Amino acid sequence: MAAELNLILFGPPGAGKGTQAERLRGDFQLPFISTGEMLRANVRDQTELGLKAKEFMDAGDLVPDDLIVAMAGERLGQDDALDGFILDGFPRTVAQATALERKLASMGRRVTAALLIDVPDEEVIRRLSGRRVCVKAGHNYHVEFDPPKHDSVCDQDGSRLIQRDDDRPDVIANRLRVYHEKTKPLVDYYDSLGLMRRIDGTRDPADVHGHIRAVIATLRLEENV
Ligand code: ADP
Ligand code: ADP
């Protein structure tokens, strides 16, 4: 029996993955690995990978599988990920999912479960168009659903709040298209492996958090972690 939790968090853009990541970080001693955050750091630092990834990200397209698989594979091999992890935003294609499986198998490990935070398209559009993030650490806000205490300033670290380049309406529409075409097939993929767990992402953040915690607690019992 696996003595670790290797979890995947996925769902449409704007489903609340980042928001839940913040909350779950406090609950479980598992590293939270977000390929979107890793890519944005590479863009900021103007690394070779960042320079290659930027045009895809700005258009709302997926960064090519080979680049992502190499980046994520390297991260998963680091010490802090050896006892389990929560992945956010990876895998996003079936090819990435099979690459992840191979990488884990080479270490004698496997995915414990894939948690889908499900939200309909209209809600995605509402959430992404009102999303604001802090420049320092990417803390999430929403102009209507989760406004900061002071206009355009992060409650947590005082840095400035901005709108992400890929949260513009035309890019949001493309990201949704890409989600349905490339990432949604992962639902069937993980269903067929018996690893899918569905979470209703339309409820308020505290309810969604409670549901995810309950799912993870059940998995822990089943896996004897
Ligand atoms: P969101 O959480 O809003 O969906 P992310 O921060 O996860 O967005 O990702 C931002 C962008 O980074 C994506 O639109 C895509 O261009 C790129 N990206 C992140 N993860 C992956 C991945 N696993 N495969 C391909 N592209 C990715
Ligand atoms: P993702 O990481 O999946 O792209 P985020 O966590 O960044 O999504 O959330 C997208 C936007 O929606 C943010 O502005 C966030 O404040 C807001 N949001 C997140 N969860 C909820 C929720 N359950 N109800 C309403 N708004 C939410």
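Visitor: Can you lay out the site of ligand 1 for me, pointing to particular residues and giving the numbers?
Guide: Of all residues adjacent to ligand 1, which total 18 residues, the nearest are Thr35, Arg40, Asp61, Gly89 and Arg175. Between an oxygen atom of ligand 1 and a side-chain N or O atom of Arg40, the distance comes to 2.8 Å. In the model, an oxygen atom of ligand 1 is placed 3.0 Å from a nitrogen or oxygen of the Arg92 side chain. When isolated, ligand 1 has an accessible area of 550 Å², and the protein chains bury 96% of it. Considering every element that reaches the shell around ligand 1, the biggest residue donor is helix H2 (residues 35-44), with four residues. Residues belonging to the shell around ligand 1 are distributed by class as follows: seven nonpolar, four polar and seven charged.

Visitor: Any details on the sheet that holds strand S1 (residues 5-10)? Residues and values, ideally.
Guide: Taken in spatial order, the five strands line up as S2-S3-S1-S4-S8 in an open sheet, and their pairing is parallel. Lying at the two open borders of the sheet, with one neighbouring strand each, are strand S2 (32-34) and strand S8 (196-200). Direction aside, the axes of adjacent strands within the sheet are offset by 20° on average. Here S1 pairs with strand S3 (residues 84-88) via five bridges, running parallel. Looking at S3, one finds that Leu7 is bridged to Ile86.

Visitor: Got a sec to walk through the nonpolar core? Specific residues and values, please.
Guide: Grouped together as the largest cluster of nonpolar side chains are 30 residues, with contacts concentrated most on Ile8, Phe10, Leu39, Leu87, Leu100 and Tyr190. Contributions of two or more residues to this core are made by S1, helix H3 (48-59), helix H4 (65-76), S3, helix H5 (94-106), strand S4 (113-118) and helix H8 (185-192). The element that contributes the greatest number of residues to this core is H4, accounting for five residues. Excluding residues that lie within four positions of it along the chain, Ile8 makes contacts with Leu87, Phe90, Pro91, Leu100, Val111, Ala113, Ala114, Leu115 and Tyr190.

Visitor: An account of the sheet that holds strand S6 (residues 140-142) is needed here, citing residue identities and associated values.
Guide: Here three strands make up an open sheet; going across it, the order is S6-S5-S7 and the pairing antiparallel. Taken across any chain shown, the strands that pair with only one partner, and hence form the sheet edges, are S6 and strand S7 (161-162). Here two bridges tie strand S5 (residues 131-134) to S7, and the two strands are oriented antiparallel to one another. Directly across from Cys134, in S7, lies its bridge partner Leu161. This element, helix H6 (residues 121-130), spans S5 and S6 of the sheet and lies at about 40° to S5.

Visitor: An account of the pattern of salt bridges is needed here, citing residue identities and associated values.
Guide: With the rule as written, the count across this model stands at 19 salt bridges. Close ionic contact of Arg25 with Glu22 constitutes a salt bridge, the shortest N to O distance being 3.6 Å. Taken together, the positions of Arg25 and Glu22, both in helix H1 (residues 17-25) and three residues apart, correspond to about one turn of that helix. Taking the relative accessible area as the measure of exposure, Arg25 reaches 45% and is therefore partly exposed. By relative accessible area, which is 35% here, Glu22 ends up partly exposed. Between Arg197 and Glu222 there is a salt bridge, and its shortest N-O distance comes to 3.9 Å. One end of the pair, Arg197, is in strand S8; the other, Glu222, is in helix H9 (residues 205-223), with 25 residues separating them in the sequence. Residues participating in the shared-partner salt-bridge network are Arg131, Arg164, Asp166, Asp167 and Arg175.

Visitor: Before we move on, could you go through H8 and cite the residues and values that matter?
Guide: When H8 is considered as a whole, its buried residues turn out to be Leu186, Val187, Tyr189 and Tyr190. End-on, the buried residues of H8 take up no more than an arc of 165°, which puts them together on one face. Along H8, exposed side chains directed more than 90 degrees from the buried face belong to Asp188 and Ser192. Residues of H8 that are buried sit in contact with S1, H5, S4, helix H7 (169-183) and S8. At the exit of H8 stands Gly194, carrying a positive phi of roughly 75°.

The rules we used
- Residues numbered from 1 in each chain as written.
- Chains lettered and ligands numbered in written order.
- Predicted model: local features only at pLDDT ≥ 70, side-chain atom pairs only at ≥ 80, totals over all residues.
- Heavy atoms only, no water.
- Near = heavy atom within 4 Å.
- Polar contact = N/O pair within 3.5 Å; in protein donor to acceptor, adjacent residues only side chain to side chain.
- Areas by Shrake-Rupley, 256 points an atom, 1.4 Å probe, with all protein chains shown as cover.
- Helix = DSSP H or I, 4+ residues; strand = E, 2+ residues; numbered from the N terminus.
- Nonpolar A, V, L, I, M, F, W, Y, C, P; charged D, E, K, R; others polar.
- Pairing = 2+ DSSP bridges.
- Axes fitted to C-alpha atoms, helices over the stretch in contact; angles between N-to-C directions.
- Core = buried A, V, L, I, M, F, W, Y, C linked by side-chain atoms within 4.5 Å.
- Buried < 20%, exposed > 50% of the residue type's maximum accessible area, 1.4 Å probe, protein only.
- Contact = heavy atoms within 4.5 Å.
- Salt bridge = Lys/Arg side-chain N within 4 Å of Asp/Glu carboxyl O.
- Arc of directions from axis to C-beta.

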